[in-house]
Amino acid sequence: MTISKKSLPRRTVLRGLGVTLSLPLLDAMSPALTALAKTAAKPVHRFQAIYVPNGMAMQYWTPEKVGRDFELTPILAPFEPFRDQLLVISGLRASWAYVHAGASASFLTGTPRGGQNETDVLASTSMDQILARELGKTTQLGSLEVSMDKFANAGQCTAGLSCAYTQTISWRTPTQPLPMENNPRAVFERLFGDSGSADPAVRRARRHQKQSILDSVTDKLTDLKVAVGPRDRAKLDEYTEAVRDVERRIRIAEQQRDVEPSFTEQPSAPPRVFEEHLGLMLDLQFLALQADLTRVVTFMMGREQSTRSYPQIGVPDAHHPLSHHEDDPERIAVMSKINAYHAKLTADYLARLRAAEDGDGSLFDNMTILYGAGISNSTRHLGSDLPLVVLGGGAGKLQGGRHLRYSADTSNADLLMTLMDKLDMPLDRLGNSTTKLPIDTLPEV
C-alpha cells in the first residue's frame, strides 16, 4: 500500500470559474493508514444498464448449454475476456410485451401496462431511479441518462403510442419518463460545470476562448500534486488528461455541427461518425463513474425502431427494417453482425472499467451491469426469451461464468428485483414481479 503525504476526504473537489472538478479515488482518500483497514472498507457498488434496440438475432445469441460448460455464441464472443464475471440469462419474458413500446418501457421498470394513446403516458418507476433516490444522497448526480439518439417526448412512434416509450428506459415516476441526453457537450457540462452557478455565461465564454475547464483549476491541481504521493500524482495526471481529451474531442465534434439559423447561438450537435459519438458518450460515462459523480447510469445504444445503418461493418441496411427479417436465415445472419458489433463496442468499454482501479479491485469488479434488449425476435415483436446478460463483479455479490435458463413464465421484473437485492436495496415488488430469482444457483426448469 502506498501511503500518501496528505489525507483527503473522499468528496474532494477542485472549484474554478464555472467549474467543479471531482476527483477519482486516490490513495490519500483511503479511510485509514493500514492495509487491513483498507481491505475492510466496503466497496462502492454501482449500477449501469446498457440497452440495445430492435431485438436480437437469437440463433447467434443463445448458448446451447446451461451451467458453466457453455460456449459463447458469435454475438456474445466479445465478452469472452469477462467470462468469469458474466451471467447469461435466458427464458425471461418482457413484463409488457407490446411491440417496441413495451420493449424499452419495461426493460428497467418491469411494468405490465402502458398508455392507451399518444398522450396517455404510463409505466412504472424504473429500478435505476429507485437506486438513484438512495445512492444519489452521496453523489453529485443521482443518475445519468444518456443515449445515442435525440430524445423526442411528443408524437407517435409505435402503435399509436407516445414516443416516450421507445426513446428512454428510465422512468422517475409512472408518469414521468426521463429524457436521454445524446449531446456530449450537454453531458460534459452537467458533469463538470459548476452546478451552483445559475448563469451559463461563464462557461460559454470559456468555450469561446477555447479554454479547458482544467485551466481554471491548474493552481489547485499543482498544489494537490505536491501534497500527495507519486502513485496519486500518476492517477491525477491520467484522469485530467482523460478529461482534457474528451473536452478536445467535443470541440472537434462541434466543428461538424449543422447550421440552425433559427437560433441566435448555433446549437452543438453530436459527431456525425457513429464511433466517434459513441466513444465520447462512453468516455463521459466512465469519467462520471470513476470520479463517483454518480453510481447509476443508463445508456441506450439506440432507441427502439432505430434506422441507423452500419456500412462500416458491411451492413448498409437500416437496422429496424432489417430486424423484421421474416425469419429469413440470410437476413438474420446480417442482423447478427449489428448485434455482435454492439457487443464488441460494449466490451471495449468494459475493458476500460476493468483497467480502472477502485479500492482493492477495479470499477468493473464493483459494478452490476445489465446488458440486452427488450425484444427477442423482432419480426414477431416477441417479448419472450429476452436476450439479457449481467456483467461485472457486483462488489463481490455476483457469481459469473454461467448460463442460467428460467421457465417461460418468469418475468424480467423478477430479475430486476433480484438485482436490487444484490445492490443492498431489497424490494417487496417491482413492476409485476412475483419472486426473486436464485441467480447464485442453477435454476430447475
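Refer to the structure printed above.
How each quantity is defined
- Residues numbered from 1 in each chain as written.
- Predicted model: local features only at pLDDT ≥ 70, side-chain atom pairs only at ≥ 80, totals over all residues.
- Heavy atoms only, no water.
- Helix = DSSP H or I, 4+ residues; strand = E, 2+ residues; numbered from the N terminus.
- Buried < 20%, exposed > 50% of the residue type's maximum accessible area, 1.4 Å probe, protein only.
- Areas by Shrake-Rupley, 256 points an atom, 1.4 Å probe, with all protein chains shown as cover.
- Phe/Tyr/Trp six-rings, centres within 6.5 Å; stacked < 30°, edge-to-face > 60°.
- Pairing = 2+ DSSP bridges.
- Axes fitted to C-alpha atoms, helices over the stretch in contact; angles between N-to-C directions.
- Contact = heavy atoms within 4.5 Å.
- Salt bridge = Lys/Arg side-chain N within 4 Å of Asp/Glu carboxyl O.
- Core = buried A, V, L, I, M, F, W, Y, C linked by side-chain atoms within 4.5 Å.

Enquirer: Describe in detail the overall build of the chain, supporting the description with residues and values.
Expert: Looking only at helices and strands, the chain features eleven helices and 15 strands. For the chain, with 445 residues in total, the buried portion stands at 56%. In the structure as shown, the chain presents an accessible area of about 18200 Å², 51% of it carried by carbon and sulfur atoms.

Enquirer: Which residues make up unusual backbone geometry, and what are the values?
Expert: One non-glycine residue, Asn54, lies in positive phi territory at about 65 degrees. Its place among the elements puts Asn54 in the loop between strand S3 (46-51) and strand S4 (86-90). Overall, Asn54 belongs to the buried group, its relative accessible area being 0%. Not every positive phi belongs to a glycine, and Glu326 is a case in point at roughly 55 degrees. Tracing the backbone shows Glu326 in the loop between helix H9 (319-323) and helix H10 (329-355). According to the relative accessible area criterion, Glu326 is exposed, its value standing at 61%.

Enquirer: I'd like a description of the packing of aromatic side chains, backed by residues and values.
Expert: Scanning all chains against the criterion turns up nine aromatic pairs. Between Phe274 and Tyr310, the ring centres sit 5.5 Å apart and the planes meet at 85 degrees, which makes this aromatic pair edge-to-face. In this pair, Phe274 is assigned in helix H8 (residues 274-290) and Tyr310 in the loop between strand S10 (296-300) and H9, connecting sequence segments 36 residues apart. Across this residue pair, the class does not change: Phe274 and Tyr310 are buried.

Enquirer: Go over the sheet that holds strand S13 (residues 367-372), please, and point to the residues and values.
Expert: Whether parallel or antiparallel, the strands of a sheet pair through hydrogen bonds between backbone atoms. What the seven strands build is an open sheet, ordered S5-S10-S3-S13-S14-S4-S15; its pairing is mixed. Taken across any chain shown, the strands that pair with only one partner, and hence form the sheet edges, are strand S5 (144-147) and strand S15 (402-405). Sheet twist, expressed as the average angle between the axes of neighbouring strands with direction ignored, equals 15 degrees. With five bridges connecting them, S3 and S10 associate as parallel partners. Along S10, the bridge assignment pairs Ile50 with Phe299. Lying over the sheet, H8 contacts S3, S5, S10 and S13, oriented at roughly 170 degrees with respect to S10.

Enquirer: Provide a residue-level description of helix H3 (residues 127-135), including the pertinent values.
Expert: For an α-helix, the turn length of 3.6 residues means that residues three or four places apart are oriented alike. Counting buried positions along H3 yields seven of nine residues, so the element is predominantly enclosed. Buried within H3 we find Met127, Asp128, Gln129, Ile130, Leu131, Ala132 and Leu135. Where H3 is buried, its residues meet S3, S5, strand S8 (171-173), S10 and helix H11 (412-422).

Enquirer: Tell me about the pattern of salt bridges, and please be specific about residues and values.
Expert: Overall, the coordinates contain 23 salt bridges when judged by the stated rule. For Asp237, the salt bridge identified is with Lys225, shortest N-O distance 2.5 Å. Residue Asp237 is located in helix H7 (residues 230-254), and its partner Lys225 is located in helix H6 (residues 218-227); the two are separated by twelve residues in the primary sequence. Here Lys225 falls in the partly exposed class, since its relative accessible area comes to 23%. Among the salt bridges present, the one from Asp292 reaches Arg295, with a minimum N-O distance of 2.8 Å. Considered together, Asp292 and Arg295 belong to a single accessibility category, that of buried residues. Several salt bridges converge on common partners, so that one network encompasses Asp245, Arg248, Arg249, Asp283 and Arg352.

Enquirer: Please set out the nonpolar core residue by residue, giving values where relevant.
Expert: Within the largest apolar cluster, 80 residues are counted, with the highest numbers of intra-cluster contacts made by Phe79, Phe192, Leu353 and Leu391. Sequence-distant contacts of Leu353, defined by excluding residues within four places in its chain, comprise Phe286, Leu289, Ser362, Leu363, Phe364, Met367 and Ile369. By size, the runner-up hydrophobic cluster in this structure holds 37 residues, among which are Met127, Met417, Leu419 and Leu423.

Enquirer: Give me the lowdown on the pairing of S4, citing residues and values where you can.
Expert: Across a regular strand the side chains alternate sides, sitting on one face of the sheet and then on the other. Along S4, five of the five residues are buried, which leaves the element largely enclosed by surrounding structure. Side chains of S4 alternate between two faces, with Leu86, Val88 and Ser90 and Leu87 and Ile89 buried alike. Pairing of S4 with S15, which is carried by four bridges, proceeds in the parallel orientation. Bridge pairing in S15 places Ser90 opposite Arg405.

Enquirer: Kindly report on the side chain of His403, identifying the contributing residues and their values.
Expert: For His403, the position within the fold is in strand S15. Residue classification places His403 among the buried positions, given a relative accessible area of 1%. Once residues within four sequence positions are removed from consideration, His403 is found in contact with Thr62, Pro63, Lys65, Val66, Gly67, Phe70, Val88, Ser90 and Leu442.

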